[in-house]
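Here's the letter readout for the chains.
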Amino acid sequence: MDRVALRGLRAHGHHGVFPEEREKGQVFVVDLVLGLDARPAAAGDDLALTVNYGVVAEEAVAAVQGEPVDLIETLAERIAERCLRHDPVREVEVVVHKPDAPITVPFDDVTITITRSR
């Protein structure tokens, strides 16, 4: 399977369990790896035969900016579902980063990574 990767998509969302997370929101970062067969698109040099990663990026950002959820696990699922709606995409790995998570000790990042396929 071939891979198209989008790394570091940033968007402001209001996800989290705590009221201050819902009120103020925070930046979330999303990485995507889309599994597909790139051969038809490459052979015909035709965008219609592959996934338009610009559209996928916009959809992932819209999910982050959309209806708040408590868990980044739920957010990752929403993003994966949107990615798999694109016919060429057979598998997706979604990483949601929450770099400003409300943790009381020093840390670099909090992430959830999921892989979904059809």
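All values derive from a computational prediction rather than experimental measurement.

1. What about the overall build of the chain?
Counting its secondary structure elements, the chain contains four helices and four strands. Seen through its C-alpha atoms, the chain measures out along the principal axes to roughly 50 × 25 × 20 Å. In the chain, the share of contacts with a sequence separation of at least 24, taken over all contacts with a separation of at least 6, comes to 60%. Summed over all atoms, the accessible surface of the chain reaches about 6800 Å², with 51% contributed by carbon and sulfur. Across the chain, the mean location of the 13 positive side-chain charges is 2 Å away from that of the 21 negative side-chain charges.

2. Observations concerning the UniProt feature "domain: Dihydroneopterin aldolase/epimerase" (unreviewed entry) in the chain
With numbering aligned to this structure, UniProt lists the feature "domain: Dihydroneopterin aldolase/epimerase" (unreviewed entry) at residues 4-116. Structurally, residues 4-116 comprises 34% helix and 30% strand, and the distance from its first C-alpha atom to its last is 15 Å.

3. Some points on the packing of helix 3 (residues 53-65) against helix 4 (residues 72-84)
Taken N-terminus to C-terminus, the directions of helix 3 and helix 4 make an angle of 150 degrees; their axes are 9 Å apart at the nearest point. Of the possible angle classes, the one that applies to helix 3 and helix 4 is roughly antiparallel. In terms of crossing hand, the pair formed by helix 3 and helix 4 is right-handed. The residues of helix 4 that touch helix 3, namely those facing V56, E59, A60, A62, A63 and V64, are L75, I79, R82 and C83. A class-by-class count of the residues in the contact of helix 3 with helix 4 yields eight nonpolar, no polar and two charged.

4. Some remarks on helix 3
Helix length check: helix 3, at 13 residues, gives a terminal C-alpha distance of 18 Å against a target of 18 Å (1.5 Å per residue), a fit within 8%. Within the sequence span of helix 3, burial applies to V56, A57, A60, A63 and V64. Taken down its axis, helix 3 places every buried residue within 125 degrees of arc, on the same side. Residues of helix 3 that are exposed and point over 90 degrees away from its buried face: E58 and Q65. Here the buried face of helix 3 lies against strand 1 (2-13), strand 2 (26-36) and helix 4. You can read the cap of helix 3 off the contacts: a side-chain oxygen lies 3.0 Å from the backbone nitrogen of G54, and it is on N52.

5. Some points on the nonpolar core
Counting 29 residues, the largest nonpolar core has V30, L32, L34, L75, I79, V94 and V96 as its most contacted members. If you list the elements that add at least two residues to this core, you get strand 1, strand 2, helix 3, helix 4, strand 3 (91-97) and strand 4 (111-117). Ranked by residues supplied to this core, first place goes to helix 4 with seven residues. When sequence neighbours within four positions are dropped, the list of residues in contact with L75 reads H15, F28, A63, V64, V69 and V96.

About the criteria used
Residues numbered from 1 in each chain as written. Predicted model: local features only at pLDDT ≥ 70, side-chain atom pairs only at ≥ 80, totals over all residues. Heavy atoms only, no water. Helix = DSSP H or I, 4+ residues; strand = E, 2+ residues; numbered from the N terminus. Contact = heavy atoms within 4.5 Å. Areas by Shrake-Rupley, 256 points an atom, 1.4 Å probe, with all protein chains shown as cover. Lys, Arg positive; Asp, Glu negative; His and termini not counted. Charge placed at Lys NZ, Arg CZ, Asp CG, Glu CD. UniProt positions renumbered as here; feature names shortened; annotations may be inferred. Axes fitted to C-alpha atoms, helices over the stretch in contact; angles between N-to-C directions. Parallel < 35°, antiparallel > 145°, perpendicular 65-115°, else oblique. Left-handed = near helix turned anticlockwise from the far one by under 90°. Nonpolar A, V, L, I, M, F, W, Y, C, P; charged D, E, K, R; others polar. Expected span 1.5 Å × (residues − 1). Buried < 20%, exposed > 50% of the residue type's maximum accessible area, 1.4 Å probe, protein only. Arc of directions from axis to C-beta. Polar contact = N/O pair within 3.5 Å; in protein donor to acceptor, adjacent residues only side chain to side chain. Core = buried A, V, L, I, M, F, W, Y, C linked by side-chain atoms within 4.5 Å.

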